[in-house]
Amino acid sequence: MKKLTILVLVLAMATMLFAQGGKEAAASDGRPTIRLLTDATGIDDKSFNAAAWRGIVEYYGDTVEKPANRGKLYDVVTAQTQDMYIPNLRQASDEGYDLIMVTGFTWADALSEVAPQYPDQKYTIVDVDWVGQPNVMEFIYSEEQGSFLVGLAAALQAKEDGIQNPRFGFIGGVPGATITKFEMGYVQGIRSVFPNAQIYDYYANDWGKPELAKAQAKNWYDMGVYCIFSAAGGTGNGTIAQAKEYRNQGKNVWAIGVDSDQYADGIYTGTKSAVLTSMLKRVENSSLMVLKAVADGSFSGGVVQMGMADDGVGYSTANPELSANVIKLVDAAKADINSGKIKIFKTYREALAAGAAPAGLAALDD
């Protein structure tokens, strides 16, 4: 029994030292420690979480392929269900990380509960501006701006292809104000070229079920839809998969990537990709900004808005099949957005009232 007691004590001390390892590393290295907490789609979603992770590893001078300091200065924990959000937050808070980062509005309630319980712990969240705690830095993005650009690009490409009355689709993950900004920007970009364009939308109510998006994309492409934009995390990868299959068969259909540049994910032969362009939401810039703020002592609770002028959002020109003339026109629109010449409605309510979006969409403003 005495030997067993000693063994238990040794294991307990080892666990404490491991948990404190991040702070010790930060003290000797001069850089803060961070734990990223994600939903079930994890950092392999090729989208939102992947961008947050990319910014973290970049801050430490590593790459996603070779995250040398993982487990020392930074790490990531994926919650398989929302029931794990609060336990994961509390565990990370107890383990002594300088910063805890969560991604997406589904974390807002859990963070609102846990952050006041650890007033000395620094937290950051992306896509939320209502937590309102002094130890939480909140980042929101002007998704409607980048989405306007990709909608405009898709419409202009259809026009260059000589398609009469092209139809378009939008696939969302879980409906809410953030995803509505994606949809409204996309719709307004399309309708700036085709004012009466027919636009379909569908919400999967899940961030990690690509099979749902793939089935819906197939249905729409078979109906003659030209291009589909998915803002649905890992679910949206199903749209790209279906577009790849059909373009490989010679069908003129397109997918639009989201958050990260998904051109490479759409490659079906050689350098040909089914991803015409991607709406770039540079979540990695939030990771970099907040880590620098912790390091230099300027971290403070509050909301940080990331727009096109801040290099927070944009669009990808990686696909060589995206017409040079289209790029020229989209870049001109980008300048007009920054100058305020082009106004983009963020909510379905506003867009509908202004006649900038069709009735009957499933977008939610709350």
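Thresholds applied
Each chain has its residues counted from 1, running along the sequence as written. At least 70 in pLDDT is required for a residue's local features to be given in this predicted model, at least 80 for side-chain atom pairs to be given and counted, and no such filter applies to totals for whole chains, interfaces and linings, which use all residues. To get the side-chain values, all heavy atoms of the structure are used, and hydrogens and water are removed first. By definition, any uninterrupted DSSP run of H or I lasting at least four residues is a helix, any uninterrupted run of E lasting at least two residues is a strand, and each is numbered from the N terminus. In a helix, the anticipated span is given by 1.5 Å times the number of residues less one. Relative accessibility decides the category of a residue: with a 1.4 Å probe and only protein chains considered, values under 20% of the type maximum give buried, values over 50% give exposed, and everything between is partly exposed. Axis geometry follows a simple rule: fit a line to the C-alpha atoms, using only the stretch in contact for helices, then measure angles between N-to-C directions, giving values from 0 to 180 degrees. What sets the label is the angle itself: under 35 degrees gives roughly parallel, over 145 gives roughly antiparallel, 65 to 115 gives roughly perpendicular, and the rest give oblique. With the far helix as reference, a near helix turned anticlockwise by less than a right angle produces a left-handed crossing, and one turned clockwise produces a right-handed crossing. We call two residues in contact whenever any of their non-hydrogen atoms come within 4.5 Å of each other. Amino acids are sorted into nonpolar (Ala, Val, Leu, Ile, Met, Phe, Trp, Tyr, Cys and Pro), charged (Asp, Glu, Lys and Arg) and polar (every other residue, Gly among them). For cavity detection a 1 Å grid was placed over the protein atoms alone, and a set of points counts as a cavity when a 1.4 Å probe fits there but cannot get out; an open set counts as a pocket when protein lies on both sides within 12 Å along at least five of seven lines, with lining residues being those that have an atom within 4 Å of a point. Grid points are joined across faces, edges and corners, and a volume is the space filled by probe spheres set on the points. Here a polar contact is recorded for every N or O atom pair within 3.5 Å, except that within protein the pair must consist of a potential hydrogen donor and a potential acceptor, and residues adjacent in sequence are included only if both atoms are side-chain atoms. Strand pairing requires that DSSP identify at least two bridges connecting the strands.

Would you take a moment to explain helix 2 (residues 48–59) for this structure?
Residues spaced three or four apart along an α-helix face the same direction, because each turn holds 3.6 residues. With 12 residues, helix 2 extends 17 Å from end C-alpha to end C-alpha; this agrees with the ideal 16 Å at 1.5 Å per step. Of all 12 residues in helix 2, 10 are buried; the element is thus mostly enclosed. Among the residues making up helix 2, those that are buried are Phe48, Asn49, Ala50, Ala51, Ala52, Trp53, Gly55, Ile56, Val57 and Tyr59. Following helix 2 by one or two positions, glycine 61 has its phi on the positive side, about 75 degrees.

What should I look at first to understand the packing of helix 2 against helix 9 (residues 283–296) in this one?
Any two packed helices are characterised by how steeply their axes cross, that is the angle between the axes, and by the distance between the axes. Relative orientation of the contacting elements helix 2 and helix 9 amounts to 40 degrees, with a least axis distance of 7 Å. Between helix 2 and helix 9, the crossing angle belongs to the class labelled oblique. The crossing of helix 2 and helix 9 is right-handed. Across the interface between the two elements, Phe48, Ala51, Ala52, Arg54, Gly55, Ile56, Glu58 and Tyr59 of helix 2 pack against Val283, Glu284, Ser287, Leu288, Leu291, Lys292 and Ala295 of helix 9. Residues that form the contact of helix 2 with helix 9 fall into these classes: 9 nonpolar, 2 polar and 4 charged.

Any chance you could explain the layout of surface pockets here in plain terms?
Space left empty within the atom packing is revealed by a probe, the size of a water molecule, rolled over the atoms. Of the pockets and cavities examined, the largest pocket occupies roughly 300 Å³. If you trace the largest pocket, you find 18 residues lining it, with Asp129, Trp130, Ala177, Thr178 and Lys181 closest to the centre. Going through the elements one at a time, strand 5 (136–141) and helix 6 (177–191) are the ones with two or more residues in the lining of the largest pocket. By residue class, the composition of the lining of the largest pocket is 6 nonpolar, 5 polar and 7 charged.

When you look at the environment of tyrosine 200 in this model, what are you seeing that I'm missing?
Within the secondary structure, tyrosine 200 is located in strand 7 (residues 198–203). As for tyrosine 200 and phenylalanine 168, which are separated by 32 residues in sequence, their C-alpha atoms are 6.4 Å apart. Filtering out sequence-adjacent residues up to four positions away, tyrosine 200 remains in contact with Arg167, Phe168, Gly169, Phe170, Trp220, Met223 and Val225. Side chain to side chain, tyrosine 200 and arginine 167 meet in a polar contact 3.0 Å long. At a separation of 3.2 Å, a polar atom in the side chain of tyrosine 200 contacts the side chain of glutamine 198.

Mind showing me how you'd approach unusual backbone geometry here?
In terms of backbone geometry, most residues other than glycine have negative phi values and most peptide bonds are trans. The backbone phi angle of aspartate 127 is positive, close to 85 degrees, even though this residue is not glycine. Within the fold, aspartate 127 resides in the loop between strand 4 (122–126) and strand 5. Here the phi dihedral of asparagine 165 falls at roughly 50 degrees; this positive angle occurs in a residue that is not glycine. With respect to the helices, strands and loops of the structure, asparagine 165 is situated in the loop between helix 5 (143–160) and strand 6 (167–172). Classification of asparagine 165 as exposed rests on a relative accessible area of 70%.

I'm lost on the sheet that holds strand 4 in this one. Help?
Each strand in a sheet pairs with another by means of backbone hydrogen bonds, the pair being arranged parallel or else antiparallel. An order of 2-1-3-4-5-13 is seen for the 6 strands of this open sheet, with the pairing classed as parallel. Two strands in the sheet have a free side with no partner beyond their single neighbour: strand 2 (74–78) and strand 13 (302–306). Strand-to-strand twist across the sheet, computed as the mean angle between neighbouring axes with direction ignored, equals 20 degrees. Bridge analysis of strand 1 (residues 34–38) against strand 3 (residues 99–103) gives 4 bridges, and the strand direction is parallel. In the sheet register, arginine 35 faces strand 3, and the bridge partner there is isoleucine 100.

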